[in-house]
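Coordinate analysis (summary)
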Number of protein chains: 4
Amino acid sequence: MFDQDHPGHNRWHPDIPAAATVKPGEDFRMDCREWTDGQILNTDDANDVRDVDLSINHVLSGPVAIEGAEPGDILVVDVLDLGPHLPGTAPDGLAGAGWGYTGIFAKENGGGFLTDYFPGAHKAIWDFHGIYATSRHIPGVRFAGIGHPGLFGCAPSHELLAEWNRREQALIDTDPERIPPLALPPNPDNALLGTMSGAEYEKAASEATRTVPPRDHGGNMDIKNLSRGCRAYLPVYVDGAKLSVGDLHFSQGDGEISFCGAIEMGGWIEFGVDLIKGGMAKYGMKTPFFKPGPIEPRYSEFLCFTGISVEDGVNYYMDATVAYRQAALNAITYLSKLGYTEEQAYLLLSAAPIEARYSGMVDIPNACASIYIPTAIFDFDISPSSEELVSRDLGSQATTT
Amino acid sequence: MFDQDHPGHNRWHPDIPAAATVKPGEDFRMDCREWTDGQILNTDDANDVRDVDLSINHVLSGPVAIEGAEPGDILVVDVLDLGPHLPGTAPDGLAGAGWGYTGIFAKENGGGFLTDYFPGAHKAIWDFHGIYATSRHIPGVRFAGIGHPGLFGCAPSHELLAEWNRREQALIDTDPERIPPLALPPNPDNALLGTMSGAEYEKAASEATRTVPPRDHGGNMDIKNLSRGCRAYLPVYVDGAKLSVGDLHFSQGDGEISFCGAIEMGGWIEFGVDLIKGGMAKYGMKTPFFKPGPIEPRYSEFLCFTGISVEDGVNYYMDATVAYRQAALNAITYLSKLGYTEEQAYLLLSAAPIEARYSGMVDIPNACASIYIPTAIFDFDISPSSEELVSRDLGSQATTT
Amino acid sequence: MFDQDHPGHNRWHPDIPAAATVKPGEDFRMDCREWTDGQILNTDDANDVRDVDLSINHVLSGPVAIEGAEPGDILVVDVLDLGPHLPGTAPDGLAGAGWGYTGIFAKENGGGFLTDYFPGAHKAIWDFHGIYATSRHIPGVRFAGIGHPGLFGCAPSHELLAEWNRREQALIDTDPERIPPLALPPNPDNALLGTMSGAEYEKAASEATRTVPPRDHGGNMDIKNLSRGCRAYLPVYVDGAKLSVGDLHFSQGDGEISFCGAIEMGGWIEFGVDLIKGGMAKYGMKTPFFKPGPIEPRYSEFLCFTGISVEDGVNYYMDATVAYRQAALNAITYLSKLGYTEEQAYLLLSAAPIEARYSGMVDIPNACASIYIPTAIFDFDISPSSEELVSRDLGSQATTT
Amino acid sequence: MFDQDHPGHNRWHPDIPAAATVKPGEDFRMDCREWTDGQILNTDDANDVRDVDLSINHVLSGPVAIEGAEPGDILVVDVLDLGPHLPGTAPDGLAGAGWGYTGIFAKENGGGFLTDYFPGAHKAIWDFHGIYATSRHIPGVRFAGIGHPGLFGCAPSHELLAEWNRREQALIDTDPERIPPLALPPNPDNALLGTMSGAEYEKAASEATRTVPPRDHGGNMDIKNLSRGCRAYLPVYVDGAKLSVGDLHFSQGDGEISFCGAIEMGGWIEFGVDLIKGGMAKYGMKTPFFKPGPIEPRYSEFLCFTGISVEDGVNYYMDATVAYRQAALNAITYLSKLGYTEEQAYLLLSAAPIEARYSGMVDIPNACASIYIPTAIFDFDISPSSEELVSRDLGSQATTT
């Protein structure tokens with residue numbers, strides 16, 4: 001991405017120049033590099049995950065200016081279609097060229113939702129078979145991917161950028177030495193800002209925010225239902241809107257719980273755009289709206305796990321994060337009884353089209369969460385039963401060496 | 001419920017005697033009173049909600065003993081069907097007799113997920129039309145209910161009961177004067193413990209836990225997908241399992257966010273039961289599992305709202321509760337632009353079959369939540385558009401006088 | 001039905017007096033007897049099917065007059081809910097009181113879609129478990145019923161009645177001795193016409209049509225998707241519309257292929273009605289329209305069988321009936337390889353929520369049909385595989401003795 | 001197709017040499033030309049449809065030999081993915097390069113299901129927007145395509161080929177002068193048989209069957225549910241199976257009722273193959289089985305039309321073809337009331353993902369059919385209502401000049 005004639009960017013900043021311009025009503029196609037720009041390989045160890053340089057991510061394509069867009073408008077973005085790199089369009093070594101990966105990041109370098117339980121680096125390689133994914137590192141499953149862009153949004157205004165930096169620094173300041181950190185401040189190392197250069201680049205690189213979190217503009221929302229055919233409604237903060245996209249996923253479960261929990265890939269995406277003038281005030285928009293598309297993978301049978309906001313004997317009052325963590329751990333424990341390692345189960349919950357729901361949020365003092373695993377993704381019956389547990393050899397995820 | 005020949009109970013305690021006994025493989029039907037035992041009326045003010053006596057809830061039917069059940073087993077419970085009171089089986093004045101209600105409880109008496117934003121008492125009455133509900137207090141919507149028992153589970157053991165009391169008292173002790181309280185300790189006032197009486201009753205009433213939260217055994221999980229045709233897997237802690245049920249809902253959205261956010265009703269439920277001997281250890285069960293049934297209301301178009309864990313300019317690190325609250329508030333704001341009061345919108349999100357998902361839980365520092373509103377439940381098109389907003393008179397919820 | 005104070009009817013005639021009157025916008029509930037009026041019993045032989053008196057069917061409830069309805073209007077009928085007889089409301093011996101049946105009728109007495117292949121009488125008794133049905137005569141399956149009224153519609157005008165008689169007699173006249181007959185002419189034996197009596201009854205009974213076929217008004221459409229929550233649009237031919245209903249089904253597959261192929265039951269149904277004045281001309285209506293309800297059983301995996309319009313080496317040009325018969329026979333053959341008798345398979349395809357589609361209707365000379373069997377209704381995996389076929393003892397349907 | 005180095009074929013014959021060989025378990029990708037080999041253009045008249053040379057179709061890709069396949073095996077074919085020509089891989093003039101078409105063929109040259117009602121030539125051009133199609137000839141609709149190969153199957157054996165010719169000639173002989181013909185006999189004109197040439201070619205061309213109908217091997221089944229992610233089970237008649245494919249469709253309704261009723265395109269398809277040795281006898285297979293894929297477009301609201309087997313006052317005993325024709329005509333009439341021409345409606349029912357079901361096949365003398373139109377594909381509400389019909393200008397299909 002750094003060496004392209006038309007470089008993208010890996011930080012958010014209002015001054016990154018538009019790489020192209022389109023009109024409302026137009027369709028257009030963009031190519032995207034995998035989020036780490038090719039650092040993770042199709043191998044059987046996870047050393048690359050352990051050692052990944054996170055200052056590089058996420059490499060984004062764009063920004064694309066939309067004619068007539070002004071601050072306060074809503075940018076209507078149709079995700080018309082997307083896919084991994086087409087045969088012959090990318091080197092085999094790149095994620096997206098027939099394969100993708102899911103990673104559990106090390107606590108010291110990235111972390112993740114369950115990093116206190118799984119502090120090491122692990123990964124699974126997935127092979128693409130048309131709409132389906134399988135993994136030599138997680139045998140016994142095959143599922144249709146729910147492909148989507150993990151990250152897209154319009155550029156922030158200068159004011160919004162400053163507010164992001166203010167509030168995130170305030171958070172960091174509450175525990176500046178924490179590992180993993182509470183948030184990531186601007187980092188000029190490896191900052192890529194399109195065609196910006198010189199002093200302008202230096203200034204922008206020092207204040208441009210990282211791309212990691214979802215924010216008011218959308219950004220790294222990682223919502224699996226922003227899939228093919230969806231319509232997203234995005235806030236516009238700068239003239240031309242400046243839409244960027246990246247972090248394509250072949251599939252992902254709700255929550256993307258292992259940090260790099262989607263099946264990561266490079267590929268292409270086709271967008272259609274339109275405008276609702278003055279839409280932000282008209283509809284009171286603070287963060288994006290969307291309508292899911294009509295071709296999400298369709299499952300009708302699920303095995304579901306619950307969790308409540310109690311951890312290690314302590315009641316966390318109405319804490320939905322704890323409830324969900326417990327639900328995830330309960331699911332992982334269950335899958336481990338069937339023959340998977342806990343890390344395989346964690347990777348699977350991250351990558352497969354599982355659903356995660358807020359189930360009860362009012363029954364003091366316990367929040368209740370639930371996770372829905374489609375049973376049809378497994379080659380074997382995972383239901384609880386009175387029959388004896390079958391001993392299966394289900395191999396192992398890739399780990400560090 | 002208090003005056004029945006075969007009283008139920010409104011506290012959890014292992015010593016409440018079984019009201020009936022069934023065999024594994026049997027189907028049986030139970031009648032349930034609405035959770036407040038008839039305190040809320042089919043009226044156009046919310047004074048009854050404001051003044052409700054919460055020491056009475058939830059009135060539960062049971063316990064039912066299952067032959068052969070032992071601690072460590074999994075009780076398989078099929079929710080075969082359920083419904084509101086049949087014509088002629090309950091007084092018209094009782095919720096469930098052709099109507100139900102959703103309430104926003106006052107901050108001083110119950111509270112709820114958004115109680116800081118909506119501290120007053122409000123309610124909506126729903127009329128039942130077969131599988132559908134409509135409300136004179138929320139015109140413009142009609143939807144198929146996703147009926148379910150809000151609350152069911154097996155009796156705790158003495159040890160588990162003690163643990164519940166320990167951990168919840170520890171939470172209360174962190175802020176004993178809080179309004180609403182962090183948790184509810186045992187309360188002998190209005191405690192109903194089946195046929196228990198005398199000294200045995202007195203002792204049990206002083207230690208029996210309230211029925212409000214979901215706990216390890218399930219209990220008040222308020223999961224809308226525990227609907228008709230579902231199969232629940234429940235932990236067994238005492239001989240005979242002692243299954244109880246109550247708090248029937250005609251419908252509810254994920255989260256039941258307004259405390260009494262379901263459409264509350266009395267009615268009947270048909271269960272089938274079976275056992276997986278020694279299932280808890282075999283499957284590593286800590287809290288219930290379940291499989292949803294095949295006849296949940298089916299929607300394919302949704303308007304979705306997102307929320308991130310930032311509130312009033314403050315970043316709440318990976319806090320899924322804050323993210324969901326923001327998503328809910330964003331949805332409420334949007335619906336208010338269409339002509340609803342914010343309270344109507346809040347009630348509607350609580351009662352209708354909306355879905356609420358954990359969307360991103362790893363992108364520091366912001367959790368991301370999303371709420372899915374099925375557009376087909378509205379008489380009019382709620383989509384964002386470039387057309388001018390239509391001014392609609394959509395009345396008002398019932399409020400206090 | 002014959003002995004009730006308010007008898008229904010088992011023939012169509014415009015002069016049958018309304019049994020009740022309702023207003024547009026009203027909901028109302030009706031009770032229905034099983035279509036043979038109780039001739040089929042919960043037994044393990046099919047002698048009752050063989051010997052059934054078909055002059056009695058279908059016993060219908062109604063007619064209900066709708067205020068303001070006039071010829072040319074569309075009657076909007078919401079099927080708000082329905083179910084089998086409630087506990088205690090019907091004798092155990094009646095279908096609908098916890099059980100129902102599916103029958104293959106004898107070629108000499110009723111016939112059916114595959115009567116040339118299966119000329120004898122057979123039946124299966126189904127037990128109801130809430131929303132589910134199981135059968136001791138077809139073990140290994142359990143499914144959620146797609147309940148619906150097999151037969152409902154408004155009374156024909158005198159002109160339409162005469163047209164029905166004319167065209168059906170013309171068909172009969174092409175082969176008057178055929179067994180089974182091509183159509184059934186009016187038959188005064190056992191004709192029940194509500195409260196009609198005397199000379200008026202005699203005249204009407206001699207011209208009233210049988211209730212067997214679907215006709216312009218709807219009638220015995222047997223469309224499984226006219227299930228709970230659906231909205232039907234029916235033509236109105238007489239003042240007051242005169243809506244009647246009967247032939248309730250606990251479940252049925254597309255086509256109801258074994259004549260009495262649904263799971264037959266008595267029970268109750270709740271309707272809501274409204275009018276579109278002058279709707280027939282406005283929308284060019286010749287036969288009913290409808291919108292399915294939102295809670296049909298939801299399946300996502302199907303094993304499908306195809307058929308083309310070739311039978312015994314003969315090409316039947318674009319004959320969709322032959323194509324469907326072949327698809328059904330192919331499905332039956334397949335299921336018989338798994339251990340079912342062919343009659344069990346035939347009964348199952350009739351009763352379970354299978355889908356049957358017109359697949360190709362233009363590729364001369366062969367029509368193509370397909371049948372979709374939801375795999376989740378079976379206890380075991382029915383998919384084709386390279387593994388050896390398991391020998392299963394799956395018993396037998398009830399047959400004649 | 002005729003000029004390629006590796007020509008395909010447009011007739012079925014066992015001796016056409018395999019163009020490639022794959023192993024069971026392998027995935028592979030094939031390119032396909034649009035079925036007329038480029039005769040239909042992206043224009044606003046239908047002269048090309050009127051004048052099309054039907055001796056050329058269908059141009060098929062293959063055959064592909066599968067190692068180890070023998071007569072009597074089942075070939076398992078996974079449709080892993082497919083799509084229109086990728087940007088830059090086909091001339092713009094070819095259907096599939098960003099656009100496709102649906103045609104009503106003239107009665108004198110092709111005909112179709114409703115050719116007696118619509119004898120002229122008409123067409124609609126569809127523009128592709130990622131997963132969606134829109135048409136300047138049918139404004140007001142936008143839908144996700146249900147892409148599939150209209151035609152695929154294994155080569156017949158010599159015996160089966162002879163049987164096809166025998167039975168189809170017998171049909172032709174019943175009315176040899178009929179227009180359109182009852183069936184198409186072998187036609188050496190424009191016959192393309194892969195690399196065959198010389199005397200071998202001459203002989204084969206004289207006996208090779210046309211590709212138009214679905215037959216025992218599958219072939220032109222035109223089943224819309226053979227879409228992305230489906231698994232088809234095909235009979236094998238010759239060593240190596242010799243799998244061929246063509247006639248790709250961007251979308252199609254059940255029945256493909258206007259002959260060329262799908263949205264026709266050229267493009268690519270990715271297959272995976274496997275074998276069930278001896279599967280035909282094991283499972284009693286006569287024609288293909290299949291399992292639909294998990295990402296078919298998902299709709300939940302439908303407006304449905306019924307039809308019975310009565311046409312022009314004549315009763316056609318249990319004739320499902322007549323019933324379906326009436327249902328289709330009823331739907332067309334309805335749509336014409338909303339502002340479409342009848343030809344637009346006919347094209348739309350052919351191209352959009354409508355469902356067509358056999359509804360009742362046992363209620364003598366009338367078969368009942370139903371057609372399900374997803375309401376969400378329209379920009380406006382198509383439901384019947386009491387409001388006045390809006391007059392809309394919805395343009396016109398392309399017609400002949």
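Everything below is about the structure shown above.
Let us look at the structure shown here. Every value quoted in this text rests on a predicted model; they were computed, and no experiment measured them.

Basis of the calculations
Residues numbered from 1 in each chain as written. Chains lettered and ligands numbered in written order. Predicted model: local features only at pLDDT ≥ 70, side-chain atom pairs only at ≥ 80, totals over all residues. Heavy atoms only, no water. Helix = DSSP H or I, 4+ residues; strand = E, 2+ residues; numbered from the N terminus. Rg over C-alpha atoms; globule rule 2.2 N^0.38 Å. Buried < 20%, exposed > 50% of the residue type's maximum accessible area, 1.4 Å probe, protein only. Contact = heavy atoms within 4.5 Å. Areas by Shrake-Rupley, 256 points an atom, 1.4 Å probe, with all protein chains shown as cover. Lys, Arg positive; Asp, Glu negative; His and termini not counted. Charge placed at Lys NZ, Arg CZ, Asp CG, Glu CD. Least-squares fit on C-alpha atoms with pLDDT ≥ 70 in both. Buried area = accessible area lost by both parts, 1.4 Å probe. Salt bridge = Lys/Arg side-chain N within 4 Å of Asp/Glu carboxyl O. Polar contact = N/O pair within 3.5 Å; in protein donor to acceptor, adjacent residues only side chain to side chain. Nonpolar A, V, L, I, M, F, W, Y, C, P; charged D, E, K, R; others polar. Axes fitted to C-alpha atoms, helices over the stretch in contact; angles between N-to-C directions. Parallel < 35°, antiparallel > 145°, perpendicular 65-115°, else oblique. Left-handed = near helix turned anticlockwise from the far one by under 90°. Phe/Tyr/Trp six-rings, centres within 6.5 Å; stacked < 30°, edge-to-face > 60°. Pairing = 2+ DSSP bridges.

**A closer look at the overall build of chain A**
Helix and strand counts for chain A stand at 6 helices and 22 strands. Over its C-alpha atoms chain A spans a radius of gyration of 21 Å, differing by no more than 12% from the 21 Å that the globule rule assigns to 401 residues. Buried residues in chain A amount to 68% of all 401 residues. Across chain A, every contact between residues at least 6 apart in sequence was considered, and the portion connecting residues at least 24 apart equals 80%. About 12,000 Å² of surface is accessible on chain A, with carbon and sulfur atoms providing 49% of the total. Put simply, chain A has 28 plus and 55 minus side-chain charges, and the middle of one group is 4 Å from the middle of the other.

**A closer look at the relation of the copies chain C and chain D**
Superposition record for chain C on chain D: RMSD 0.0 Å, screw rotation 180 degrees, translation along axis 0.0 Å. In short, the pair behaves as if placed about a two-fold rotation axis. Measuring from the rotation axis to each C-alpha of chain C, the shortest distance belongs to Arg357 of chain C, at 2.2 Å. The overlap is high: 100% of the interface residues of chain C also sit at the interface in chain D, so the same surface is used on both sides.

**Regarding the interface of chain D and chain B**
Across the contact, 5 residues belong to chain D and 5 residues belong to chain B. Considering only the side of chain D, the residues that lose the most area to chain B are Arg298, Ser300 and Glu301 of chain D, jointly responsible for 79% of the buried surface there. The interface formed by chain D and chain B contains 0 salt bridges. At the surface where chain D touches chain B, the tally comes to 1 residue pair in polar contact (both at pLDDT 80 or more). Taken together, the residues of the side of chain D that touches chain B break down into 2 nonpolar, 1 polar and 2 charged.

**Observations concerning the packing of helix α5 (residues 320-337) of chain C against helix α6 (residues 342-351) of chain C**
Residue and element names in this part refer to chain C. Across the interface, α5 lies against α6 with an axial gap of 8 Å and an inter-helix angle of 125 degrees. Judged on the interaxial angle alone, α6 and α5 are oblique. Crossing geometry of α5 relative to α6 is assigned as right-handed. The segment α5 lies against α6, with Ala328, Ala331, Ile332, Leu335 and Ser336 engaging Glu342, Ala345, Tyr346 and Leu349.

**Section: the packing of aromatic side chains**
All names here are of chain C. All chains considered together, the criterion is met by 82 aromatic pairs over all chains. An angle of 5 degrees between the planes, with centres 4.0 Å apart, marks the rings of Phe128 and Phe250 as stacked. A residue pair is termed long-range when its members are at least 10 positions apart, and Phe128 in strand β6 (residues 122-129) and Phe250 in strand β13 (residues 243-251) qualify at 122 residues. For the pair Phe128 and Phe250, a shared accessibility class is recorded, and that class is buried.

**Structural notes on the relation of the copies chain D and chain B**
Here the two chain copies are tied together by a rotation about an axis and a shift along that axis. Taken as rigid bodies, chain D and chain B are interconverted by a rotation of 180 degrees and an axial shift of 0.0 Å, the fit giving an RMSD of 0.0 Å. Interface overlap between copies is the fraction of interface residues in one copy that are interface residues in the other; for chain D against chain B it reaches 100%, indicating a shared surface.

**As for the side chain of Arg11 of chain D**
Residue and element names in this part refer to chain D. On the secondary structure map, Arg11 appears in the segment before β1 (20-22). In this structure, Arg11 is buried with no salt-bridge partner, the nearest side chain bearing the opposite charge being Asp189 at 7.4 Å. Reaching out from Arg11, the side chain makes a polar contact with the backbone oxygen of Asp189 at a distance of 2.9 Å.

**Thoughts on the interface of chain C and chain D**
Of the residues lining the interface, 91 residues belong to chain C; the matching set on chain D comes to 91 residues. Both faces considered, chain C and chain D share a buried interface measuring about 7,500 Å² in area, 57% of it formed by carbon and sulfur atoms. Of all residues in chain C, Tyr283, Tyr358 and Val362 of chain C give up the largest surface area on contact with chain D, accounting jointly for 11% of the area buried on that side. Ionic pairing is found between Glu355 of chain C and Arg357 of chain D, a salt bridge with its closest N-O pair at 3.6 Å. The interface formed by chain C and chain D includes 48 residue pairs in polar contact (both at pLDDT 80 or more). Element by element, the count of residues in the side of chain C that touches chain D is highest for α5 of chain C, at 9 residues. Residues of the side of chain C that touches chain D, tallied by class, amount to 47 nonpolar, 23 polar and 21 charged. The sheet contact formed by strand β16 (residues 289-291) of chain C and strand β17 (residues 302-308) of chain D spans 2 bridges and is antiparallel. Paired with Phe289 of chain C across the two strands is Phe305 of chain D, which belongs to β17 of chain D.

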